[in-house]
Amino acid sequence: MKTSQILISTQKEAPNDAQIISHQLMIRAGLVSKLASGLYSYLPMGLRVLQKVEKIIREEMNKSGAQEVLMPVAQPAELWQESGRWDEYGAELLRFSDRHGREFCLGPTHEEVITHLAAQYLRSYKQLPMNFYQIQTKFRDEIRPRFGVMRSREFIMKDAYSFHLDANSMQAEFDKMHATYCAIFTRLGLDYRPVLADSGSIGGENSIEFHVLSESGEDAICFSDNSNYAANIEKVAFSKQACIDTPSAIEEKVPTKKKTSIEEVAQFLHIKEADCVKTLIVKTKNSFKALALRGDHELNEIKVQNLFGEFEFASDEEIKSLNLKKGFIGVKELTIDLIVDYSASVLCDFVCGANEWDYHLVGVNWNGIEFVEADLRNAVEGDASPDGKGKLVVRRGIEVGHIFQLGDKYTKAMNANVIGESGKAVTTLMGCYGIGVTRVIAAAIEQNYDDRGIIFPASIAPFQLVIVPINYNKSTRVKALADELYQQCLDAGIEVLLDDRKERAGIMFAESELLGVPHRLVLSDTHADNGNVEYKARNNPEKIEVRFDDALSFMQSKIR
Ligand code: ATP
Ligand code: MG
């Protein structure tokens, strides 16, 4: 393609709302254009990248034996009522009515539609297992769309759904999808990790997320430094620990005027935060609960939710009404249930609030205090790995894929049965497998850029090669050579861009660098005098002179 024929819409400045590098670079390189909050158009260059990502995903899904379908974006409310999610899903589900007053939603995911199809078309156990996938637009009315296409409201997902006769078959497909996702993310050139995950609103027990490692990731993921253990921080489960220390201190009340945070108290008393216990008050459906954690640990809200269902933090007013003093709440003489995290319940001689304004207790021990123990906290760097091997390392990750074993959650509610071998109806079991296709592009950029712009992995670059002729429109010799080389590359099937514009060389270089085109050939009269072209790879500052006659085979050896 010639540059004069494709919209190049690079910008010097990134918009103010672009906080992370991929968002800045996608706008600056003119890959996408913002229409409204969380809504983006793909411009021609961006669409080329998107289609490359889709092609890789499609090839690997087809190879796995899955078959492609395409389902509507608009979905009737009745299906969601059948599955029970019409009420459960919350505000991310964009609901609307048609002209007849019938209720619909824009699909944030397609379990309901595919299960409805399965109930209609899968009749006999002989048809199973079967895996259906689509690459299609989703809509989620995210509370805070941000980071460009990383968390948008409309985005493209590859979603797949498999149906099975039994758990073994469901597990086998889950394993196959695990391997397929590894193949996809490897071909996409991403540094990724599969990690154990919480299943969230989709449901089911067993799930694995695929994370691209990046400082800008919204999730914290934990790995063992000495085994394959890897999990989303939300999912790292701790069990009861054995007490190592023995109580030796005598409890004492000490003044801690206006020191309400753990940090202030620890500093003031010259102790470690890990020797303090903090108490948080939450309101569950039926009651208030006090949750005690080690001072340096953070509450894991998902674990609390798994224990007590929906909950919220008690307001200042509610805390007051329980006769507790915010900032000085302790673990003694509470009138509500006390749940203590496993790593706080093994502390000895610790510090906690005295439940009296401006006082804390030091040398506290658990004997005589009534409580139950539970796993309440997030993992931290250095924690023992739950598999007993090594210590945890915490990194940030971008979730690009998620695979689940759903079991019969949808198939039971929506009567997706088949006639089993014995002639009786059997409820099918289901797996589901998602990839954030548009998010993958942003994630790839987060891992591959420099101060000049994007350095696309070759597999998803909009073009493989750019030919930059200097004075294309003035020198007939340069034009003739550039056209010849361009034609040779086209004939050889190389995705080549010929910069035929009347632009300064500096601008042409800067634009192809910003766009992340992996290879560049420069042609000028000086090069022509020597019978050479100049080659430069996007990810290497070195420039190499190549004989003009060898240029095609040289490029073919670079682009495979
Ligand atoms: P997140 O925790 O990031 O909101 P999720 O758990 O809601 O993701 P899934 O329902 O598992 O995501 O969707 C499958 C994939 O779709 C995710 O792994 C992610 O890559 C992508 N995805 C989800 N929400 C968005 C969004 N708002 N914008 C872009 N991609 C998204
Ligand atoms: Mg989400």
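Everything numeric in this text was worked out from a predicted model, so none of it was measured.

Draft legend 1. Local environment of the packing of aromatic side chains. For the structure shown, the criterion picks out 13 aromatic pairs. Taken together, a centroid distance of 4.9 Å and an interplanar angle of 75° make the contact between Tyr535 and Phe554 edge-to-face. Pair noted here: Tyr535 is in strand E30 (residues 532-537) and Phe554 is in helix H15 (residues 551-558), with a separation of 19 residues, a long-range link. Exposure remark for Tyr535: the relative accessible area of 3% places this residue in the buried category. An aromatic cluster is present here, built from Tyr181, Phe185, Tyr192 and Phe210 joined pairwise through their rings.

Draft legend 2. Quick look at the site of ligand 1. Neighbouring ligand 1 are 15 residues, the closest being Arg140, Glu142, Arg151, Ser152 and Glu399. In the model, an oxygen atom of ligand 1 is placed 2.6 Å from a nitrogen or oxygen of the Glu399 side chain. Within the side chain of His402, an N or O atom sits 3.3 Å from an oxygen atom of ligand 1. For ligand 1, the protein covers 86% of the area, taking 580 Å² as the surface of the free molecule. For the shell around ligand 1, the element with the highest residue contribution is strand E21 (residues 392-407), accounting for four residues. In terms of residue class, the shell around ligand 1 is built from six nonpolar, four polar and five charged.

Draft legend 3. Representation of the packing of helix H1 (residues 21-28) against helix H11 (residues 437-447) in the model. The N-to-C vectors of H1 and H11 enclose an angle of 105°; their axes lie 8 Å apart at closest approach. In terms of orientation, H1 and H11 fall into the roughly perpendicular class. Together, Ile21, Ser22, Leu25 and Met26 of H1 and Ile441, Ala442, Ile445 and Glu446 of H11 make up the contact between the two elements. A class-by-class count of the residues in the contact of H1 with H11 yields six nonpolar, one polar and one charged.

Draft legend 4. Geometry of the environment of Met508. In this structure, Met508 sits in helix H13 (residues 505-515). The exposure class assigned to Met508 is buried, which follows from its relative accessible area of 3%. Setting aside residues up to four positions removed in sequence, Met508 forms contacts with Val468, Pro469, Asp499, Arg501 and Glu503.

The rules behind the values
- Residues numbered from 1 in each chain as written.
- Chains lettered and ligands numbered in written order.
- Predicted model: local features only at pLDDT ≥ 70, side-chain atom pairs only at ≥ 80, totals over all residues.
- Heavy atoms only, no water.
- Phe/Tyr/Trp six-rings, centres within 6.5 Å; stacked < 30°, edge-to-face > 60°.
- Helix = DSSP H or I, 4+ residues; strand = E, 2+ residues; numbered from the N terminus.
- Buried < 20%, exposed > 50% of the residue type's maximum accessible area, 1.4 Å probe, protein only.
- Near = heavy atom within 4 Å.
- Polar contact = N/O pair within 3.5 Å; in protein donor to acceptor, adjacent residues only side chain to side chain.
- Areas by Shrake-Rupley, 256 points an atom, 1.4 Å probe, with all protein chains shown as cover.
- Nonpolar A, V, L, I, M, F, W, Y, C, P; charged D, E, K, R; others polar.
- Axes fitted to C-alpha atoms, helices over the stretch in contact; angles between N-to-C directions.
- Parallel < 35°, antiparallel > 145°, perpendicular 65-115°, else oblique.
- Contact = heavy atoms within 4.5 Å.

Interpretation note: all reported values are geometric properties and have no functional meaning in isolation.
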